[in-house]
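Descriptive structure summary
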Amino acid sequence: KIVCANAGDSRAILSRKGLVVPLSRDHKPYDASERKRIERAGSRVEDNRVDGRLAVSRAIGDFDFKRARNTAPEDQPVSPAPEVLEEDRTPDDEYIVIACDGLWDILENESVLEFISTRLDCMTLREIAQELVEYAVEIGSMDN
């Protein structure tokens, strides 16, 4: 099995025979279940951000968003509790991509796999990763 525990601004996908298999789910404040927790804890979602400031609804840090009194850590406006997804391994599994929202906010899952797959035979993984980051910035990513 592949086990992915995610809490924050990252996403993981698996390439299986060139097709995307999601290994995580984005934790955005505007997601219905995330919004409910945020509001129950006394915060709000404004401009798709927690209290109009933070673009993710789960994170290990961001302690300013974890001050709701008499509220368990996992029920805070920004929860440190990871979401855990499992995926069975198959012989068709090729590689996993893990990146922050600076990449995913600008490129679709399928585009990332295509970008990587077209370079696997002629570049190292380090070179591909560097080129992918540079491409994301070139087309408008403003994140790390």
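As a starting point, this report considers the structure included with it. (Residues numbered from 1 in each chain as written. Predicted model: local features only at pLDDT ≥ 70, side-chain atom pairs only at ≥ 80, totals over all residues. Heavy atoms only, no water.)

Quick look at the side chain of Glu83 now. Turning to its location among the elements, Glu83 is positioned in strand β6 (residues 83-87). Within the local environment of Glu83, its side chain forms a polar contact with the side chain of Arg25, the two groups lying 3.0 Å apart. In contact with Glu83, not counting residues within four places along its chain, are Cys4, Ala5, Asn6, Arg25, His27 and Arg58. (Helix = DSSP H or I, 4+ residues; strand = E, 2+ residues; numbered from the N terminus. Polar contact = N/O pair within 3.5 Å; in protein donor to acceptor, adjacent residues only side chain to side chain. Contact = heavy atoms within 4.5 Å.)

Here we take up helix α4 (residues 125-138). Helix length check: α4 (14 residues) gives 20 Å between terminal C-alpha atoms against 20 Å at 1.5 Å per residue, within 8%. Within α4 the residues assigned to the buried category are Ile128, Leu132 and Ala136. End-on view of α4: buried residues confined to an arc of 70°, all on one side of the axis. Along α4, exposed side chains directed more than 90 degrees from the buried face belong to Arg126 and Glu138. If you follow the buried residues of α4, they end up packed against α2 (101-104) and α3 (109-117). (Expected span 1.5 Å × (residues − 1). Buried < 20%, exposed > 50% of the residue type's maximum accessible area, 1.4 Å probe, protein only. Arc of directions from axis to C-beta.)

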